[in-house]
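A structural walkthrough
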Amino acid sequence: MSTILEIRNLHATVDGKAILNGIDLTIRPGEVHAIMGPNGSGKSTLSYVLSGRDGYEVTDGDILLDGQSLLGLPAEDRAREGLFLAFQYPVEIPGVANAVFLRSAVNAVRRHRGQPELDAMSFLKTAKARMKQLQMDEKFLQRPVNVGFSGGEKKRNEVFQMLMLEPRMMILDETDSGLDIDALKIVAEGVNALRGPERSALVITHYQRLLDYIVPDFVHVLAKGRIVKSGGKELALELEAKGYGDILGEAA
Amino acid sequence: MSGFAEKLGALAGGLPQDAATPLRQAGLAAFRRHGLPHKRLEDWKFTGLGDLDRNDWRLAANDATPFGTLPPDASLKPLAEAVAGEPGLLDLLMPETTASAAMAALNAGLLRNAWLLDIAPGAQLSQPITLAHRGVAGQLENITLFMRLGQGAQASLLESHQGAGWYNGVLRLRLAQNAVLEHARLQTGGKDAYHTALLDVHLAQGARYRHASLLAGAGLARHEMQVCLAGEAAEADISGLALPRGDGHLDHSLRLEHAAAHCRSAQLFKNAVDEAGHAVFQGRIRVAPGAQRTDAQQLCRTLLLSDEAQVDTKPELEILADDVSCSHGATVGDLDAGMLFYMQARGIPAETARRLLLQGFAEEITQALEDDALRAPFADAVAHGLGSAA
Ligand SMILES: Nc1ncnc2c1ncn2[C@@H]1O[C@H](COP(=O)(O)OP(=O)(O)OP(=O)(O)O)[C@@H](O)[C@H]1O
Ligand SMILES: [Mg+2]
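Structural notes, computed from the coordinates. (Residues numbered from 1 in each chain as written. Chains lettered and ligands numbered in written order. Predicted model: local features only at pLDDT ≥ 70, side-chain atom pairs only at ≥ 80, totals over all residues. Heavy atoms only, no water.)

**Some remarks on empty space enclosed by the protein**
All names here are of chain B. One pass over the structure, following the stated rule, counts eight cavities of 30 Å³ or more. If you add up the space inside the largest cavity, you get close to 80 Å³. Every residue along the wall of the largest cavity is listed here: Asp43, Arg222, Glu224, Ser253, Leu254, Arg255, Gln282, Gly283, Arg284, Lys314 and Glu316. For the lining of the largest cavity, the secondary structure elements donating two or more residues are strand E12 (220–229), strand E14 (249–258), strand E16 (278–287) and strand E18 (310–319). (1 Å grid on protein atoms, 1.4 Å probe; cavity = no way out; pocket = protein on both sides within 12 Å on 5 of 7 lines; lining within 4 Å. Points joined across faces, edges and corners; volume = space filled by probe spheres on them. Helix = DSSP H or I, 4+ residues; strand = E, 2+ residues; numbered from the N terminus.)

Structure follows, in structure tokens:
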């Protein structure tokens, strides 16, 4: 069976410090995998290593997207190949309008796929439709990227970008944190709208609640840079009820 | 005597004899005494003009006005004619005779393409006044403008400098009570161009002045500004953006004086220095005794985009009143790695990401302009400056 993302024995260091200590994970088309785990266990690090951030060094193992190794590819190429990271802490970019930023991104991805670039009019039309889907005010298009956005608005803006870029592999790093209950539903519906047989998702979260809306096929527990337990969606319920104590105890 | 000073007699010899002759004499005498400013002068410690010290400059024989179509509320006269009719002007135009003011003295000494522009009291100009200069290689263009805004007048001024050669200009602005002027200045000369300019602004009570300067060309450019808030409740917003690259040397030097109480001033200067470029910002704030309730802010932010890029900044505060709110700050850095990664993680190529970030950095200066008719050409010139830099 084909895979979209395959992580093999991944070891990575940040500033010389080992953070990921041998991760194996296979994600097939259409699957949603959730990763949970204590603070500092390496979840965001994994998301950065996958997306190719400078300073995150892979010391062993491999990452394959559609069978092709991503190691050695810069972040921009990985994104164009269809990897998308919704950041735990979206970055503010003063002076660069959301619309300008996003149109550059959409057109870079379209060029890569051999599709014609979107002109300003058709870009706006699509953008406005997606914003409506997420119940976002169109004013956000003209504002500088994330500058002065509330925590929840930033997260919604991440999912808006994802809807515009239509990635094959979505990585959501705590997209639920900062969202109110209604926003959580809207954002989850946005993610679900993208789900399909050819797209997969890796959802990092601390809370079972998100997984009520974005129902995962698999749940993994990350601790100290390793996956220490995997299971179905019921594992998230178990963690919610009991915490990590037992599992970490078992794994030790 | 140096090469340029030796040739000065010949340059000045062709000038007319008229009511402005006393200015020329005073200017030449002062310039001869000091010569071109050099780095041993405190005000010029980061910028020397040694490159100009050649004897092959020709004085541009251009008497056409540099102004575009003027509105009916603006009246333009050759300066010599204006001085003949209003002898009091001579005192106002007399150059300082210190060594650091030698370039303004030279401008007076070679006075020819010189104008008085009066904006009638209460006038509300709907279109900007334009002053456009395109220099020619080997020529020294010496433009002098004395511009007065009558009480309550409101105007915009778009000044642009392109081409090659050497420009040495003096622009004196006098804003009467409650007058409002917005002034954009674009220097986008070729890399062989030299640019030395003095902007001298005087604000009466309640007058408001807003200035945005772009230095985005020339091998060497210095835009020197002196701004005096002379009447109470005057306001000045002074901003500048320098984009040196190649081995360009671009200098914004500002002396701002709060001479009256209840005035507000804000300075925002930004530099994005690439290749072996060199940016200079000198900003002096003086708060005179008695200028209580002064609000004076200064910020200079620099991006050094290559290993060879250089910046020198020198803030100076002299505060002689006690009830004031003054601040100054300077930052130097590179483009933010987190922002670059965020953009690349969306598929944006690194070069485009850099350009967008630089445009974003510049945007704050562009947005300081309120008049669309100034902001649009400013934005275009910035985009052009960054485009060819990337
Ligand atoms: N530059 C760095 N230098 C040293 N240690 C780092 C660096 N960056 C991250 N770490 C460490 O790596 C570990 C994993 O961090 P990471 O952000 O991946 O955790 P996380 O699982 O996402 O946690 P959270 O649930 O709090 O978001 C932490 O202990 C963190 O302090
Ligand atoms: Mg994290």
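**Some thoughts on the sheet that holds strand E4 (residues 129–135) of chain B**
Residue and element names in this part refer to chain B. On the basis of which strands lie adjacent, the open sheet formed by eight strands has the order E4-E7-E9-E11-E13-E15-E17-E19 and parallel pairing. Two strands in the sheet have a free side with no partner beyond their single neighbour: E4 and strand E19 (324–333). Put simply, the sheet's adjacent strands are angled 5° from each other on average, direction ignored. Bridging between strand E15 (residues 264–273) and strand E17 (residues 294–304) involves ten bridges; their strand directions are parallel. Across the sheet, phenylalanine 269 pairs through a bridge with cysteine 300, a residue of E17. Strands strand E11 (208–215), strand E13 (235–242), E15 and E17 of the sheet are contacted by helix H7 (residues 350–366), whose axis makes an angle of about 160° with E15. (Pairing = 2+ DSSP bridges. Axes fitted to C-alpha atoms, helices over the stretch in contact; angles between N-to-C directions. Contact = heavy atoms within 4.5 Å.)

**Here's the deal with the layout of surface pockets**
Any empty space left between atoms is shown by rolling a water-sized probe over those atoms. Here the largest pocket defines a volume of roughly 340 Å³. In terms of lining, the largest pocket is formed by 19 residues, of which the most central are Gly52, Arg53, Asp54 and Ala75 of chain A together with Phe341 of chain B. For the lining of the largest pocket, the element with the most residues is helix H6 (residues 337–344) of chain B, which contributes four residues. When the residues that make up the lining of the largest pocket are grouped by side-chain class, the tally is twelve nonpolar, three polar and four charged. (Nonpolar A, V, L, I, M, F, W, Y, C, P; charged D, E, K, R; others polar.)

**Some thoughts on the pairing of E14 of chain B**
Residue and element names in this part refer to chain B. For E14, the buried fraction is high: eight of the ten residues fall into the buried class. In the sheet, E12 pairs with E14 via ten bridges, with the strands oriented parallel. Note on E14: the bridge partner recorded for glutamate 224 is serine 253. (Buried < 20%, exposed > 50% of the residue type's maximum accessible area, 1.4 Å probe, protein only.)

**Brief notes about the sheet that holds strand E2 (residues 17–27) of chain A**
Residues and elements named next belong to chain A. Overall, antiparallel pairing links the four strands, which are arranged E2-E1-E4-E5 in an open sheet. The open sheet has two edge strands with one neighbour each: E2 and strand E5 (68–69). The pairing of strand E4 (residues 56–65) with E5 spans two bridges and is antiparallel. Note that in E5 the partner of leucine 65 across the bridge is glutamine 68. Seen against the sheet, helix H1 (residues 43–51) touches strand E1 (5–14), E2 and E4 and runs at an angle of roughly 110° to E1.

**Notes on the nonpolar core**
By size, the foremost hydrophobic cluster in this structure holds 113 residues, and its most contacted members are Leu5, Ile93, Phe101 and Phe160 of chain A together with Leu214, Met343 and Phe378 of chain B. Isoleucine 93 of chain A has contacts with Phe101, Pro144, Val145 and Val147 of chain A together with Met339, Tyr342, Met343 and Leu357 of chain B, leaving out every residue within four places of it along the chain. If you look at the next biggest cluster of nonpolar residues, it comprises 43 residues, including Leu145, Leu175, Leu254 and Val287 of chain B. (Core = buried A, V, L, I, M, F, W, Y, C linked by side-chain atoms within 4.5 Å.)

**Some thoughts on the packing of helix H2 (residues 21–34) of chain B against helix H5 (residues 102–109) of chain B**
All names here are of chain B. Between H2 and H5, whose axes approach to 7 Å, the crossing angle comes to 140°. With respect to H5, the element H2 is oriented oblique. At the point where H2 passes H5, the crossing takes the left-handed sense. Seen from H2, the contacting residues are Leu23, Arg24, Gly27, Leu28, Ala30, Phe31 and His34; seen from H5, they are Ala102, Met103, Ala105, Leu106, Ala108 and Gly109. A per-class count over the contact of H2 with H5 returns nine nonpolar, three polar and one charged. (Parallel < 35°, antiparallel > 145°, perpendicular 65-115°, else oblique. Left-handed = near helix turned anticlockwise from the far one by under 90°.)

**Comments concerning the side chain of arginine 172 of chain B**
All names here are of chain B. Within the secondary structure, arginine 172 is located in strand E8 (residues 166–175). With relative accessibility at 9%, the residue arginine 172 sits in the buried group. At 2.9 Å, the side chain of arginine 172 forms a polar contact with the side chain of aspartate 200. Setting aside chain neighbours within four positions, we find arginine 172 in contact with Leu92, Leu93, Pro95, Leu145, Phe146, Met147, Leu198 and Asp200. (Polar contact = N/O pair within 3.5 Å; in protein donor to acceptor, adjacent residues only side chain to side chain.)

**Side note on the side chain of aspartate 237 of chain B**
Residues and elements named next belong to chain B. By the secondary structure assignment, aspartate 237 is in strand E13. Look at aspartate 237 and you get buried, because its relative accessible area is 16%. Of note is the side chain of aspartate 237, whose polar atom sits 2.7 Å from the side chain of arginine 264. Excluding residues that lie within four positions of it along the chain, aspartate 237 makes contacts with Tyr209, Arg210, His211, Arg264 and Ala266.

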